[in-house]
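Summary of structural features
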Amino acid sequence: MAALDLAEAADVPEWVHLLPTEKGAVQTQDARGPYHVVDADAIIAASFAEQAKLQIDENHSEDLRAGKGEPSPARGWITEMQARADGIWGKVEWTAAGRALVADKAYRAMSPVILHDAGKKIASILRASLVNRPNFRGLATLNQETSMNGMDKIAEALGLPADAEAGAIISAIKAMKGKDTEPALQSALTAIGTALGVEGTQEAILAAAATKAVAKPAEIAALQSEMAGMATELATIKTAGAKAAAEAFVDGAIKERRVGVKPLRDHYIARHMVGSADVEKEIAAMPTLEASGMVQLPPAAKDGAVSLNAAQLEAAAALGIDPKDYAKTLAEEAR
């Protein structure tokens, strides 16, 4: 990234962020989006197909005022574009007035004017404008020649202003962690993942959020700590929920007198937490005591031992259980 000409004006970027993604959806502040970037290189080529420089004006004056004969002076010219991992960037040749406006921080953002088809696929960038409330989400602010893929995006996902301080972001994460429900935490992670363009596990989203953060080292460490805490808390909530569901199902099967479930209660609970469908299918296939509907008394017990009737012997064979162990199970369940 080219160095800034600090001698002329401090904090005036040579490159500005025009589209927030190299491929994918571009979310907007209003109902017109989302738009879609399919081929960034094709967009760049089409943008310069008819003119070598693209105008930068103020508050879209070229579109709103020029047609009425009102002035719409250029504040800069986009002379080149690059497709990067975080979207399309434009190299700017600032006018003296434009450089002064940006250096004075009169405007905080860049808003592109795009050409798109009926399906909202972006075909080209026609020009751009200095604004304070851009419609596209995810663009880097001016005076910050980095993409809005770190603290800015995390702040936006948490419902904070894009320029929120790291401390405010960390506080918001702590508050979210305080909501002891899985949906609240999962919702926050989903929003952060969407803002960062990261899909996959919660661990992947949290790792991306921490490593991409644009902040001081101490702030990054604090953010990483809070993200790790969020992951731990969410994992704990998920585990507790899975265990409660497993216990409810297994205890229900025991009440139904499903054969062999009671002595293996902890085993089935643990398996259910990992793969509920398989365990529920397996237990549902197990016979219940006296499931045949026939009253068949077992032979009299000898020395306290339980003898199996024909149906029980058949059930033991189907389950691959030693008849002696099954008889012991029945004795325990009868207590």
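Heads up: the structure comes first, above all this text.
Residues numbered from 1 in each chain as written. Predicted model: local features only at pLDDT ≥ 70, side-chain atom pairs only at ≥ 80, totals over all residues. Heavy atoms only, no water.

Things to note about the overall build of the protein
Broken down by element type, the protein carries 12 helices and 8 strands. Counting the 335 residues in the protein, one finds 40% classified as buried. Of the contacts formed within the protein by residues at least 6 apart in sequence, a portion of 59% connects residues at least 24 apart. (Helix = DSSP H or I, 4+ residues; strand = E, 2+ residues; numbered from the N terminus. Buried < 20%, exposed > 50% of the residue type's maximum accessible area, 1.4 Å probe, protein only. Contact = heavy atoms within 4.5 Å.)

Re the pairing of strand β8 (residues 122-131)
Judged by how many residues are buried, β8 sits mostly within the fold: 8 of 10 residues are covered. Sheet analysis places strand β4 (residues 54-58) next to β8, joined by 3 bridges and oriented parallel. Looking at β8, one finds that Ile 56 is bridged to Ala 128. Where strand β7 (residues 109-116) lies against β8, 8 bridges are found, and the strand directions are antiparallel. (Pairing = 2+ DSSP bridges.)

Some thoughts on the pattern of salt bridges
When the charged atoms of two side chains with opposite charge come close together, those side chains can pair. What the rule picks out here adds up to 9 salt bridges. In this structure, Asp 30 and Arg 32 form a salt bridge, with 2.7 Å as the shortest nitrogen-oxygen distance. The exposure class assigned to Asp 30 is partly exposed, which follows from its relative accessible area of 31%. By relative accessible area, which is 48% here, Arg 32 ends up partly exposed. In this structure, Arg 258 engages Glu 256 in a salt bridge whose closest nitrogen and oxygen atoms are separated by 3.1 Å. Residue Arg 258 is classed as buried on the basis of its relative accessible area, which comes to 19%. (Salt bridge = Lys/Arg side-chain N within 4 Å of Asp/Glu carboxyl O.)

Quick look at the sheet that holds β4
If you trace the 6 strands from one edge of the open sheet to the other, you get β1-β6-β5-β4-β8-β7, paired in mixed fashion. Two strands lie at the open edges of the sheet, namely β1 (15-19) and β7, each paired on one side alone. Looking at each pair of strands side by side, their axes are set apart by 40° on average, direction ignored. The pairing of β1 with strand β6 (residues 87-94) spans 4 bridges and is antiparallel. The partner of Val 16 across the bridge, within β6, is Gly 90. Here helix α1 (residues 40-47) sits on the sheet in contact with β1, β4, β5 (76-84), β6 and β8, set at roughly 70° to β8. (Axes fitted to C-alpha atoms, helices over the stretch in contact; angles between N-to-C directions.)

Details of the environment of Asp 117
Along the polypeptide, Asp 117 turns up in the loop between β7 and β8. For Asp 117, a relative accessible area of 36% gives the class partly exposed. When the C-alpha atoms of Asp 117 and Tyr 35 are compared, they prove to be 9.6 Å apart, with 82 residues separating the residues in sequence. A distance of 2.8 Å separates a polar side-chain atom of Asp 117 from the backbone nitrogen of Lys 121. (Polar contact = N/O pair within 3.5 Å; in protein donor to acceptor, adjacent residues only side chain to side chain.)

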